[in-house]
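The lines below spell out each chain.
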Amino acid sequence: MTTFLKLLFRNRLAAVGAVVLAAILLLALITPILPLADPDVTATADRFQRPFSTGHLLGTDHLGRDLLSRLLWGTRLSLAVGIVAALVAATIGSGIGIVAGYFGGRTDNIIMRGVDMLMAFPYILLALAIVAALGPGLMNALIAVAAVNIPFFARNIRGVTVGLAGREFIDAARLAGMGHTRIILTELLPNVLSTIVIAMSTTVGWMILETAGLSFLGLGSQPPQADLGSMLGEARSALITNPHTSVVPGIMIFLIVMSINLLGDGVRDALDPRLRSGALTRPRAVTLVDRRGNVPHADQKGLLNIQQLETQFHVGPRVYRAVNKVSLHVNPGEALGVIGESGSGKSVTALSVMGLVASPPGVITGGAVRYEGEDLLAASYDSLRRKRGNNVAYIFQDPLSTLHPLYRVGDQLIEAIQAHHKVPDAEAKARAIELLKAVRIPNPESRIRNFPHEMSGGMRQRVGIAMALANDPDVIIADEPTTALDVTVQAQILSLLDDLRRERGLAIIFITHDFGVVAQLCDRVAVMYAGRIVEEGPTATILEHPAHPYTKRLMACVPELGGGKRELAAIPGLPPVVSDLPPGCAFAPRCTKATEACQQGEIDLAGTATHTVRCIHPEEELA
Amino acid sequence: MGAYILKRLISAVPVLLGITIIVFLIMAMIPGDPATAILGSYATPENVEKLNRDLGLDQPLINRYFIWLGNMLTGDFGRSYSLNRPVLDEILDRFNATLILAGVSFVMCSVLGILAGVVSATRQYGFADKAITFIVLIGISVPSFFLGMMMILLFAVNLRLLPVSGMYAIYGGGDLPDLARHLIMPATALAVVATGVIARLSRSAMLEVLRQDYIRTARAKGVDERRVIMGHALRAAMVSIIPVLGIQAGFVLSGSVYIEIVFQWPGVGRMLVDAILKRDIILVQGGVVFVAGAYVFFNIVVDVAQSLLDPRIKT
């Protein structure tokens, strides 16, 4: 509750709304004791006095009545009618909703059908019909407005009640022999009350406006009694000659509605869990680059060369170092595996290459990504866009969420082709079919007309691969492309990728948490932990002689086929949160070989030209 | 697709029946003797009795409903006492005016609202976003009838740019440019609130979609950012925007009653208010059923549009 209030008042606009609304409510409350002229006494000699004339701060209307007095009394009436209408609508609507939700079945069905019927009307038609039947008048306008809003409450409260009615405490109350009425009043009502209050606070401004509207049309309050709407309605005939008589009540309605809206928005935002955590990602075309140190010099390593890359997430005051000085490179025809647990920074490294990290909160704060020697982090958006998919392509995990759900897969493939090559549609379509054939999708001619949800997981993943191949890229970055698939499909896709790199000389960066996959496909492997590379070397070497304790433990997690009964060794503890890393080795708290020296200071990657490790107590000395 | 449209049309039948039942029940709430209410307290007993017989008011409620419904099905909506002509003729004469006003206004608020929402979302927390959010906040807080009056004061009276009210000039005019000049202010005043609501919703729908993985996929394959926003993101966001357009159409239709009064627009809304003030119950009854029915059909159009947009909806 206190966090809620804090959030609410941190929102300056909501605070302004609260203050304005409180002031108006206070004025309306004390109106009877203010020294005001009688709002209904006419003095035709004084008609249409301008504002700020003596004795009439806001002037007078067409019958010489004091506008200030009429405004305050009118505000009082409008607020009262709006609030009463809200209370009536909330009481009856919630009652209907609770009964429907609690009893369910046919009762629910019949009631909600009726509610749906009421909601089929544009609201004012219903209100007009009711006023037409009952005759114009403020009381009847109130009934009409309340009636029109009943379905809204009934729907909302029914939804909440249905959720509650199946819960244990209701069953318990029933078993304890409580009657329906008592259960509803003592068990259900207290639990839905907060929903009712929130629904009321969001609709009360609306109901004030609606009653004012009916009065404006002459169907609400009748002369001489005035609410804000009828004041505006009466002033309309003198709009051109004496606009102040219209402006005064109009601005008051505006102020009331706006302050309620501001407050309501504030309440909604304060209750929104996503805003609470402050973890909203924002959409930009390219990840923000804000490099503080010097850009590393080109060192001619590999076709794609990641040098000292640092990517961070800035969330409020906290800084998460997701990628910390990571260097990786890959040559044509080579497959590099990047392995680590979730949260180790391997995906963020991959996404940083083409500027695909959501930004903000993501920021690339250092290092370089060189493609054929050119620093991509310094490239213009347009030059980067032309390389995306054309030179460096991605295959993502979970193709159900990574393919656009509303476009046919063929069109998505064609789009990938036409993003880089101005070819006619027919040609692009032929190429799309060819691509689907290349990834071994049967009946590609008919499959291109499928939507993603009409395909199986394995098929969708193949479409993802086909899309990555569409422009014959030099580098493919595959981010856990087989994680969501069963083993046979996984094996097929891995052999497909392997063929492609042998046939086309493709360079592959393969991101995974699975050593089995690495063994099958990769020439070299880099192990990541807490945003850093802890070991790198040829796959065979690392599989046989892992140097870092973490690598060894990670490999122990993989069950060996035919290895018989063997205990799977999970690594105790969790990977650290990368916002507040201690100095030295991040794995030390989970490591059996850790000594004090491990957490004293920076440990460098060291070893031979091909095999490096970041550890002062390696499992095997690298010579 | 044809089957789906047919299905939706058939499912509209019970809704339309429900609407007639509700309107009928509301009108049955008229306190006292409806014939006296219609004819006024000076009516002679013979006239009251005659009217009771004409309206079938001497019959039980359920019979009266079916007589009324049967008449409407044959196109007989009754006769207006205040205008002395068939209700349906009057409605049909005026419905065009309402349709033009509400239709133009609806197109305005949809296009402007979605555009504002898209701009706002792609520049989240930037200057454009803050400016739009602020304007939207003002827009959804101004009562349309007050806004309309202020527009008359500014654009018609002070600046003399546009006609004060009406649908066509009294002398000359009557052509499309004349209609457009008369339409600008009322259509705008009517569109403002709905534009604000649609802009807000479009903004949050776009933000939700822009976070999705398939947007990253589109960017990763090198699609131009403009196409990512207008093609991929907006297309997906429309799935949640379109139902709101349907709801807002109801609000635009409702608001047109006020706007027709403020701008002396010769539409159904003004007819209804006049009819209520003159206690012309038959005219109100017919008007409400007609407009509500039209709204039901509009919602079918919205549903069909939705199913065209989203292949995951089973048609």
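Residues numbered from 1 in each chain as written. Chains lettered and ligands numbered in written order. Predicted model: local features only at pLDDT ≥ 70, side-chain atom pairs only at ≥ 80, totals over all residues. Heavy atoms only, no water.

Quick look at the overall build of chain B now. Secondary structure assignment for chain B yields 12 helices and 2 strands. Scanning chain B from its N terminus toward the C terminus, one meets helices and strands in the order α-α-α-α-β-β-α-α-α-α-α-α-α-α. If you line up chain B on its principal axes, its C-alpha atoms span 80 × 55 × 35 Å. Counting only residues that meet the buried cut, chain B has 53% of its 315 residues in that class. Considering only residue pairs separated by 6 or more positions, chain B has 71% of its internal contacts joining residues 24 or more positions apart. Carbon together with sulfur atoms contributes 66% to the accessible area of chain B, which is approximately 14,100 Å² in total. (Helix = DSSP H or I, 4+ residues; strand = E, 2+ residues; numbered from the N terminus. Buried < 20%, exposed > 50% of the residue type's maximum accessible area, 1.4 Å probe, protein only. Contact = heavy atoms within 4.5 Å. Areas by Shrake-Rupley, 256 points an atom, 1.4 Å probe, with all protein chains shown as cover.)

The subject of this paragraph is the environment of Leu153 of chain B. Secondary-structure assignment places Leu153 of chain B in helix 7 (residues 144–158). Since its relative accessible area comes to 11%, Leu153 of chain B is described here as buried. When the C-alpha positions of Leu153 of chain B and Val164 of chain B are compared, they lie 8.5 Å apart, and in sequence the two are 11 residues distant. Not counting the four nearest positions on each side in its chain, Leu153 of chain B is found in contact with Leu239, Ile240 and Pro243 of chain A together with Asn158 of chain B.

All names here are of chain B. With 97% of its residues at a pLDDT of 70 or more, chain B shows a mean pLDDT of 88. Of all secondary-structure elements in chain B, the lowest mean pLDDT belongs to helix 2 (residues 34–39), at 69, while helix 5 (residues 87–122) reaches the highest, 94. Reported confidences for the modelled complex are a pTM of 0.87 and an ipTM of 0.89. (pLDDT = per-residue confidence, 0-100.)

So, on to the pattern of salt bridges. A full pass over the atoms with the stated rule returns 36 salt bridges over all chains. As a salt-bridge pair, Arg70 of chain A and Asp40 of chain A come within 3.3 Å of each other at their nearest N and O atoms. Taken together, the positions of Arg70 of chain A in helix 3 (residues 67–103) and Asp40 of chain A in the loop between helix 2 (12–30) and helix 3 put the pair 30 residues apart, joining distant regions of the chain. Judged by its relative accessible area of 3%, Arg70 of chain A is buried. When the shortest N-O distance is used, the salt bridge between Glu225 of chain B and Arg219 of chain B registers 2.9 Å. Per residue, the accessibility class of Glu225 of chain B equals that of Arg219 of chain B, and both read buried. Through salt bridges with shared partners, a single ionic network connects Asp40, Asp61, Arg65, Arg70 and Glu234 of chain A. (Salt bridge = Lys/Arg side-chain N within 4 Å of Asp/Glu carboxyl O.)

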